[in-house]
Every structure is written in structure tokens, then in C-alpha cells.
Amino acid sequence: MNSCWRDSKAWIEEGLPLSTGNNEACKLYDASLSQYVGWYDDPALGGLESSCKKLLASDPDFVMGKVLVYGLDLLGTGKSIRTDAKFKEDIEDLIALSEQTTLTNREKLHVEAINFWANGLMKKATNTWESILIDHPRDALALKMAHDTYFYLGQAVQIRDSVARVFPLWKKTSPLYGYLHGMYAFGLEETNFYEEAIKHARLGLEINRKDAWATHAYAHVMEMTGQQSKGIQFMMDTESDWNTCGMLACHNYWHLALYNFDLGNYETVLDIFDNEVGRRFKSGTLLDLVDASSLLYRLQLENVDVGDRWEQVYEIGKRHFGDNILVFNDAHLVMTAVGSNHHCDAETVLSSMKQLMNSFTHYCQSAVATKVGYNLCKAIVAFDSGKYEEAVDLIYPIRYMLEEIGGSHAQRDVFNLLLINAAMRSPNKTQIGRASCRERV
């Protein structure tokens, strides 16, 4: 194991002791955490997935090892204790192990947060991580998991402020310090502080030019400020830095494609899809699947022939119809279902969403589905059926609540485009379409 990874003594000196007597486990925890925070796969370790397997094997009773690995499973949004019996058993075993093991209060709170998330209480999970950060501001796992969960909840201010609260308390020499600039930059961008966002994105990239999240924050600013040509140049100039970060490369190529879409370069978008996005989403990662469906849906709204590409996305996404882990995912799965002409699967998403709303009312996503998600998904189906006026009637009243489904401003913009297209194709709603277009100037 690389000597640079922190051992038990180093974690104690950091003020973040780990309850395991296995030094190898401590180092693997650091290695796995570092790859997660940096969105990269370390080839010397076989990547993050391999690191996590080694971490669990190094000490089967290492609670924080399980917290990290199961937390990543939850954040991947590809599995749920409602739909995966083995994962449910894993979470239950973690809870039981934590009760039988002498842990620090910080470690107990980490277990509590994972249990909240697994049981659909995402906001309680973030509150718990924030409690950890009050006493342990340099706990990178608590910070990053809160950061990513705020993203899923569409809580842009919290994305920003969670980092702002702890940033001054980190030493510039601390491991992972540089990544805080990219995280903070993204929160600043999502709350419209574009100049500050660019400043921190650049600082992050000065420390580590391969910081894909800092690159991602910079890319968002270019999109939101209408600097598509500059964004294209930036992404192309730095491509060899960020395309090696496998966990985020697909999404950063999505940004490159989005610039070209905005400029009407539809053939270039299709090329990026085929050469980059298309081959990466086949990993099955939901973030990549969302990127693929979002690109194709935008193109389809512009009457671009996308060939059989929808079927490729459908083959990867079909096992997730009915998961209902995130409303944001569900909306993109409905796009995939209607785009590939598997309309029964769109109905599967809607019916399972209805069941979530009725039977799991304590889930955060149940409330989001009730308030916004169900009608949004119905609007996608209505539009596909040529019921444009119905689509407008479903989306228009909720258009300012869409942030609650999570994702970024740039990602959610596809729903604004859907509203505009539906309104312009409906004789009785064209004024709404024109008004919506004027908002974009």
C-alpha cells in the first residue's frame, strides 16, 4: 500500500480517529475516500470499485469502511433497500455492527446518516453530516456526502454554504484541500455568483489541473453566462486533464455537447454522443444514463433524427424503471421509455411513483413526486402523445418548483425546453411559449 495514504496514527493526528486496529484498512479508507472526492480511479489500486472491495475485505468489522462503501452505493442511486434485499441486509448489518462496536460519536453519526439516507430521509442525513462538520470541519467524507446529497435535493444554497462554513478551517497542506475550491465553485455557480465561482474553479485547477469537479464548475459558468464558444475552447484545451477522471468524464463531455447544442451544432452533438457519451453510459451509472437521455431528448425536441440511439439507452436503463430513488432519475427514465417507444415502461415509472407517493409518505422523494415529479413525468408522456396543451397545463404551474427534483440549473433546463416546445405546438398556449422564450434572452 502506498505510503502516502494515511494510517491509523495519521488519522488520529488529523482529529478523525478510525475505530479499527488494521493499518491497511485505514490506508484503504483514505485511498477510497480520495478517489471519491477527486472523481478519479487510481490505476495503482485498480480504481475506486476495487479499492472499496479491498477496504471491506481488509477488516470486515471496520464500521467506517462500510459507511464509505454503502454511502457510495446510495449516492450512485442505482440501488435501494426497497428494491434490493441484499443491500437492505447490508445496511441492517452495518447498524447492528455499530451497536456492538466501540465507536467515536463522529462515527456513530456517520452510521446514523447512512441509515437515514437508506430509508429515504435524505434531509435528515444532510443534517446529521452537518452536525459532524460542526465539530469536525475537516471530515471530508461528511462534507462530500452532504455536498452530493444537497445536489440531489436541489438545495443550491446549502451546496455553497456547507463548504463555506468549513473552508477557512482547512489547512492548505491538508490532504484533499484543493478539491474544496471546485466544490465551493459549484455552489457559487448554482447560486449565481459567477465571478467568484470562476475564481475558485481556477484556484482548484491551479492546485490540480486534473480536478474534474473544478473543471465541471467552470463549465457550468460558461453555460449559464452564455459563453458557449469560450466553453468549447476551454473543454477542448483541457480535455486530456479531465477525460481521465472516469466517474465524471461522461458528464463533462455532456457539457461540451450542450455548448454545441446551444449553438445549433447538432451533428457535433451526435458525434460527441457516439464517441464519448454513448460508450461511457454503458457502464450503467445513473449519472451517465441521465446525460445520455438528456442529450437525445433535447435533440428530439429540435426534430433531429437520433436513429437507434434511444434503444441503446433503453437497454441500459430498463432495469431501473420502477426504482423511484430520485424523481430526477425517474423523469429521465420516462424520456428514455417514450424516446425508445417503450410506452408501457413510462407507465411503469408513473404507477410505481404513485405507489411511492401513497405508501412511503415519509420519504423525501415521495414529497417531491407529489409536489412536482408526478406531473412532470405525466407531461413528458403527454407531449410524446401529441397532447401538447395537456403537457403545458402540467408543467407551467410547477416550473418554478423544478429545482426540488435536484440536479443543476443546466440539467433542469431541458424541462424549460419541453414547456416551450409544448406551448409553441399548442394553438391555445403559444403566448406562454413566446413569454417563456423571452425569459431566456
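Placed above this text is the structure.
These notes cover the structure that comes with them. Worth saying up front: this structure is predicted, and the values here are computed from it rather than measured.

A few points about the overall build of the chain
- Assigned secondary structure in the chain consists of 24 helices and 0 strands.
- A globule of 441 residues ought to have a C-alpha radius of gyration of about 22 Å, and the chain, at 22 Å, matches this closely.
- Projected onto its principal axes, the C-alpha coordinates of the chain cover approximately 70 × 50 × 35 Å.
- A total of 441 residues make up the chain; the buried ones form 60% of that total.

Considerations on the environment of Ala185
- Along the polypeptide, Ala185 turns up in helix 10 (residues 179-190).
- Sequence separation of Ala185 and Arg279 is 94 residues, and the distance between their C-alpha atoms is 29 Å.
- Beyond its immediate chain neighbours, meaning those up to four positions away, Ala185 contacts Ala197, His200, Ala201 and Ala217.

Side note on the pattern of salt bridges
- One pass over the structure, following the stated rule, counts 19 salt bridges.
- With a closest N to O distance of 3.8 Å, Arg6 and Glu14 form a salt bridge.
- Glu14 sits in the buried class, given a relative accessible area of 18%.
- Arg160 serves as the salt-bridge partner of Asp161, at 2.7 Å between the closest nitrogen and oxygen.

With respect to the side chain of Asn252
- Locating Asn252 in the fold gives a position in helix 15 (residues 246-262).
- Leaving out residues up to four positions away in the same chain, Asn252 has contacts with Ala212, Thr215, His216, Met235 and Trp242.

Calculation rules
Residues numbered from 1 in each chain as written. Predicted model: local features only at pLDDT ≥ 70, side-chain atom pairs only at ≥ 80, totals over all residues. Heavy atoms only, no water. Helix = DSSP H or I, 4+ residues; strand = E, 2+ residues; numbered from the N terminus. Rg over C-alpha atoms; globule rule 2.2 N^0.38 Å. Buried < 20%, exposed > 50% of the residue type's maximum accessible area, 1.4 Å probe, protein only. Contact = heavy atoms within 4.5 Å. Salt bridge = Lys/Arg side-chain N within 4 Å of Asp/Glu carboxyl O.

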